[in-house]
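Residues per chain, in single letters:
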Amino acid sequence: MATEYDVVVIGAGNAGLTAAATLARKGARVIMLERHNIPGGCATSFCRGRFEFEVSLHQLSGMGTPEFPGPLQGLLQGLGVRDKLEFVRMEDLYRVMVPGRLDLVLPADKGGVIGALQGRFPAERENIGRFFDLVYRFFSEVISAFYMKDPEVTPEKYPLYFKYAFRDAQSVLDAHFTDPLLKLAVGIYWCYMGLPPRLLAFGDLAAILFAYIELKPCHIKGGSQTLSNAIVDSFIGNGGHVRFNCGAEKIIVRDGAVRGVVTEHGDQITTRYVLSNASPITTFLELIGRDDCPAVALDELKGASYSTSFFTIFAGLRCEPEAVGIAEATNFICAQTDFDRDFALTRTLDCDESAFIMSCYDVSDPGFSPPGACQCAIVAMKYAEPWLQVPPERYAAEKYRCAEAILRRVEAHFPGFREQIEEIEIATPLTHLRYLAQPGGSPYGFEQHVKDSSFFRSPKPPLKGLYCAGAWYGQPGYQPTLASGVAAARAILREMKAQEVKP
Amino acid sequence: MKQDFVRKIEGYDEIVRERAICRKYGLDYSTEGGKIRSFINRLHPPRLMLRVSDVIDETPSSKTLRLVSPEGYLPPFQAGKYISIIADIGPIRTSRPYSISSPPNQRGYYDITIRNRENGFVAPHLLNRIKAGNRIEASAPSGGFCFNPLIHDRASVFIAGGSGITPFMSMIREVVECGIDRTICLFYGNRSDADVIFHDELLRISQRFRQVTYVPVIETPSPGYTGARGYITGDIIKGVVGQTGGRTYYLCGPPAMYDFCLPELEGLSIPRHKIRREVYGPPPDITRSPGWPSHIGRDAAFTVGIRGRGEIGARAGESLLNSLERSGIVVPALCRSGECSMCRVKLISGRVFQPAGVLLRKSDRQFGYIHSCAAYPLEDLEIMF
Ligand SMILES: Cc1cc2nc3c(=O)[nH]c(=O)nc-3n(C[C@H](O)[C@H](O)[C@H](O)COP(=O)(O)OP(=O)(O)OC[C@H]3O[C@@H](n4cnc5c(N)ncnc54)[C@H](O)[C@@H]3O)c2cc1C
Ligand code: FES
């Protein structure tokens, strides 16, 4: 094994993978280190019996349609993996349910969403039209200003953007709608961001609605592990080296610049560039260490807080989805309409009342599970904190108790579900903590408050040669993290070029 | 602040004030380093450094090694989990999974119970060389052969063969010691009555606790034996449990036992999802597995190139993982049964035999990854890891 590389990529999550592949395609000598035995981080799967469970991908955004290709198309093309993957489009955004009060399916197109909402909430016909009009006009401003790279972004040209970008989503929902069920049906995607509309920027909610409606949600055939494997394949094909079961132990810093990396096995790698896909806590405090870590890096973190983690039930059913009444790939199931109450519940262990998402991939991709079977991922947002307090001896029992509560609620909506379960696995925030080594067991990184967004963070790497990418350093989710890896790789390539031309 | 336009967005000033407050009063993350690792290490340490506190003779061919932690801390586990024991034998570093036979409510030690194997490599080493006081390196408890109250019946039927009794021993001890509301009917097959591990304890438990039934089944019993004989058949099972529905069936033992008992359970119309089986390592002779290409003999020799690290020799009848270890190359491994993907390597060229039941991810198949513990060379190979 060579001991000198242009770049060492730490972590093979979405961002680490796209960064490594981008760098290798441009001819850089790159080694990628991954603690786990398989690439992907969250973008992975695991096998139980005849099922291969998808760990984290619910609805992929950004692929678009043949007529209107989304940004992810180009990104995957650029990595040389687009043709190795097959995508399955989901017809609907989601089904949202509150027992006895609401049961509504929103299709993944503008007219369809508006029509479905107006049909269910005729009294708010106009409000619904006004709201989506705002979302669309807001987002077309975003496209002209940023995607089209307008050199002059001013309030005169983009009035809605300047008015609404930082506004909280709840106040916009309140200004448009009266029925709490309607607000719920429109705002439920907050779950994908980890913050309730009160704390979420309207810009973020608008972006997610616009992206899923216009670019369509989809799923990858074979699951997210296929994406991860395909990117590794491209990386290796371009001469990249990858080490699994091999975490980074230390980033060597001298005179304020990156000089190398030491692996957990004690091997030393010389390099001038490190791209870290690990959390800032790991990167700055464990790999670099307090003494070499510039104070500004830690200052930047102040006030940020770990985002929510998840309590997930992976259930393999020995029947087709229809047999238990599952007709939608994505189902949001709520016990009440108050987002803030739901958010408060994410800080508790109990699952009797928590909102949860149930995804059944087989609905849109019938070949996903073995013939005659299907799988569901049932996810409730839960912070790690209460799980960290559970005494070791109680852990397993607590896990089963919470799962039991959710399964009881699933059974109420999908009678016969329970009886059909053949394999079941439960992941708690601690499971994420373990597999991802993320503080707070948080696949979303830090909470997505505007104040911690890239608008307010310094874009300069705190150390010469250190670059970071992934959910902790930007936005969570597949599309944003895949893109952040490419962006970080480009920044490294630019810097390498600049160094080259220097005498 | 990157760009000027941001300042003009409504609410900007307020956010800047919020940031200033955070800078002043926000959480100082400088002490957060190392926290995750130390927390994870209490639950799933990458390695356990253990000491053998006692060696307990069980039968002429089996012993229990009682393992304690010199620091006094052992992670919690669920009954049915195994640990992978690392063994340094001569120049070779290898590992073997062993189910924990002590109950999880007892956290002062882990017992592993080892039976000698014909032509064994690690088992004889552990049985003959390891003495009280020796150090042993192991993985944290792993595996999924555990009672799951969400989908398993409270009435269980355990079917054990030989050393396959170990996870059941942990479960049975836990159930009786903790007063758990479950009933257990154990069928325990052995070649001779002298081989039966834990016989006295199982007898005592079944006499004292009505929730546990114990049925030894002996293939070739000594004169005077009055219990069930032969193999564990559907008739024997039905004869004892009566009603076969409403129960979950658990199997643990050598592959030959599965080959015999699974059709027997099928004969009793036990649905497949009511049957759970522990993986139990590779079969003694892979070339007898269904699908093995008959023209390739056990000793057929091949060359395996490892990209960037040279070449080794390998035999068809031995797993790639074994051949690698034999050549002094350490590949991380845990279950050695094709299930956990720890030993995953990329196959660049050449063909391997992979027995049925290997839990390979679909995309691993697509991109040429194999689990080296459950892959046997059928020609010269090139691999990468
Ligand atoms: C991102 C991700 C990746 C995954 N990758 C894999 C994979 O590669 N291979 C695979 O087989 N499965 C994988 N899974 C699935 C995962 O294995 C299961 O969900 C997991 O096995 C849950 O069972 P567990 O109790 O052993 O694990 P955990 O939930 O991690 O807990 C493990 C053990 O730790 C102890 N414990 C936990 N918390 C406490 C506490 N507070 N106090 C004391 N003790 C505690 C318990 O004794 C328990 O047995 C993955 C899941 C996720 C979310
Ligand atoms: S060691 Fe578990 S699959 Fe090979």
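Each chain carries its own residue numbering, running from 1 in the direction its sequence is written. As they are written, the chains are lettered A onward and the ligands numbered 1 onward, keeping that order. Selection of residues for local features in this predicted model requires a pLDDT of at least 70, selection of side-chain atom pairs for listing and counting requires 80 or more, and totals for whole chains, interfaces and linings are taken over all residues. Side-chain calculation: all heavy atoms of the structure are included, whereas hydrogens and water are not.

Considering the interface of chain A and chain B
So, point 1. Only heavy atoms enter the contact rule, under which two residues are in contact if any of them lie within 4.5 Å. Counting residues at the interface gives 77 residues for chain A, matched by 59 residues for chain B.
So, point 2. Put simply, buried area is how much 1.4 Å-probe accessible surface two parts lose in total, over both of them, once they are put together. When chain A packs against chain B, close to 6,000 Å² is buried across both sides, 59% of that on carbon and sulfur atoms.
So, point 3. For chain A, the biggest contributors to the area lost against chain B are A:Lys302, A:Tyr400 and A:Phe456; these three give 11% of the whole.
So, point 4. Whenever Lys or Arg places a side-chain nitrogen within 4 Å of a carboxyl oxygen from Asp or Glu, that contact is recorded as a salt bridge. Linking chain A to chain B there are five salt bridges.
So, point 5. When the shortest N-O distance is used, the salt bridge between A:Glu300 and B:Arg19 registers 4.0 Å.
So, point 6. Under the rule applied, a polar contact is a pair of N or O atoms within 3.5 Å (in protein, one hydrogen donor and one hydrogen acceptor; residues adjacent in sequence only if both atoms are side-chain atoms). Across the chain A-chain B interface, the total number found is 26 residue pairs in polar contact (both at pLDDT 80 or more).
So, point 7. Think of it this way: any DSSP run of H or I at least four residues long counts as a helix, any run of E at least two long counts as a strand, and we number them from the N terminus. Element by element, the count of residues in the side of chain A that touches chain B is highest for helix 9 (residues 224-237) of chain A, at seven residues.
So, point 8. Per-class residue counts for the side of chain A that touches chain B are 41 nonpolar, 13 polar and 23 charged. Note on residue categories: nonpolar means Ala, Val, Leu, Ile, Met, Phe, Trp, Tyr, Cys or Pro, charged means Asp, Glu, Lys or Arg, and polar means any other residue, Gly included.

A word on the side chain of A:Lys399
Residues and elements named next belong to chain A.
So, point 1. Structurally, Lys399 is set in helix 14 (residues 395-413).
So, point 2. No salt bridge is formed by the buried Lys399, whose closest oppositely charged neighbour, Glu425, lies at an N-O distance of 4.9 Å.
So, point 3. Discounting chain neighbours no more than four positions away, the residues touching Lys399 are Phe311, Trp387, Ile426 and Thr428. Categorising residues by exposure relies on relative accessible area from a 1.4 Å probe, with only protein chains included: less than 20% of the type maximum marks a residue as buried, more than 50% marks it as exposed, and the intermediate range marks it as partly exposed. Counted as positive: Lys and Arg. Counted as negative: Asp and Glu, with His and the chain ends omitted from the count.

Comments concerning the domain arrangement of chain A
Residues and elements named next belong to chain A.
So, point 1. Domain boundaries shown here were taken from an automatic or database domain assignment. According to the domain assignment, chain A contains domain 1 (7-66 + 224-304 + 442-501), domain 2 (107-215) and domain 3 (308-431).
So, point 2. Here the C-alpha centroids of domain 1 and domain 3 sit 29 Å apart.
So, point 3. Contacts between domain 1 and domain 3 engage 16 residues on the former and 26 residues on the latter.
So, point 4. A buried area of about 1,700 Å², summed over both sides, lies between domain 1 and domain 3, and 59% of it is on carbon and sulfur atoms.
So, point 5. Summed over the shared surface of domain 1 and domain 3, the result is three salt bridges.
So, point 6. Linking Arg50 and Glu422 is a salt bridge whose minimum nitrogen-to-oxygen distance equals 2.8 Å.
So, point 7. Connecting domain 1 to domain 3 are nine residue pairs in polar contact (both at pLDDT 80 or more).
So, point 8. Listed by contribution, the elements that provide at least two residues to the side of domain 1 that touches domain 3 are strand 3 (45-48) and strand 4 (51-54).
So, point 9. The residue makeup of the side of domain 1 that touches domain 3, split by class, is seven nonpolar, four polar and five charged.

Observations concerning the layout of surface pockets
So, point 1. Only protein atoms enter the 1 Å grid, on which a cavity is a set of points fitting a 1.4 Å probe that cannot get out and a pocket is an open set with protein on both sides within 12 Å along at least 5 of 7 lines, lining residues being those with an atom within 4 Å of a point. Grid points are joined across faces, edges and corners, and a volume is the space filled by probe spheres set on the points. By volume, the second largest pocket is sized at about 480 Å³.
So, point 2. Among the elements of the structure, helix 13 (385-388) of chain A together with helix 2 (35-43) of chain B are those that each provide at least two residues to the lining of the second largest pocket.
So, point 3. At three residues, the largest contribution of residues to the lining of the second largest pocket is made by helix 2 of chain B.
So, point 4. Classifying every residue of the lining of the second largest pocket by side-chain character gives 12 nonpolar, three polar and five charged.
So, point 5. Residue assignment places the lining of the second largest pocket across two domains, with domain 1 (7-66 + 224-304 + 442-501) and domain 3 (308-431) of chain A each supplying three or more.

Concerning the state of the cysteines
So, point 1. Cysteine sulfur pairs qualify as disulfides if the two atoms are within 2.5 Å. Evaluated as defined, the whole model comprises zero disulfides over all chains.
So, point 2. A:Cys42 carries a free sulfur, and the closest cysteine sulfur to it, the one in A:Cys191, is 17 Å from it.
So, point 3. Distance from the sulfur of A:Cys246, which forms no disulfide, to the nearest cysteine sulfur (B:Cys343) is 17 Å.

Section: the environment of B:Val52
All names here are of chain B.
So, point 1. Mapping Val52 onto the fold places it in strand 1 (residues 48-59).
So, point 2. Expressed as a C-alpha distance, the spacing of Val52 and Lys8, which sit 44 residues apart in the sequence, is 69 Å.
So, point 3. Those residues in contact with Val52, other than ones at most four positions away along the chain, are Arg66, Leu67, Ile130, Lys131, Ala132, Gly133, Asn134 and Ile136.

Describing the nonpolar core
All names here are of chain A.
So, point 1. Leu117 and Phe131 are the most contacted members of the largest nonpolar core, which totals 75 residues.
So, point 2. Per element, the largest residue contribution to this core is 10 residues, and it comes from helix 4 (residues 125-147).
So, point 3. Discounting chain neighbours no more than four positions away, the residues touching Leu117 are Leu104, Leu106, Ile128, Phe132, Leu182, Ala185 and Val186.
So, point 4. Judged by nonpolar contacts, the second largest core, of 49 residues, contains Ala20, Ala21, Val30 and Leu85. Nonpolar cores were defined as sets of buried Ala, Val, Leu, Ile, Met, Phe, Trp, Tyr and Cys residues, with membership established by side-chain atoms within 4.5 Å.

Observations regarding the pattern of salt bridges
In a structure, side chains of opposite charge can pair up when their charged atoms sit close to one another.
So, point 1. Scanning the model with the defined rule gives 41 salt bridges over all chains in all.
So, point 2. Between A:Asp133 and A:Arg137 there is a salt bridge; the shortest N-O distance is 3.2 Å. Note that A:Asp133 and A:Arg137 are positioned in helix 4 at a spacing of four residues, about one turn of the helix.
So, point 3. Assessed through its relative accessible area of 38%, A:Asp133 is described here as partly exposed.
So, point 4. For the salt bridge of B:Glu318 with B:Arg326, the shortest nitrogen-to-oxygen distance reads 2.6 Å.
So, point 5. With relative accessibility at 10%, the residue B:Glu318 sits in the buried group.

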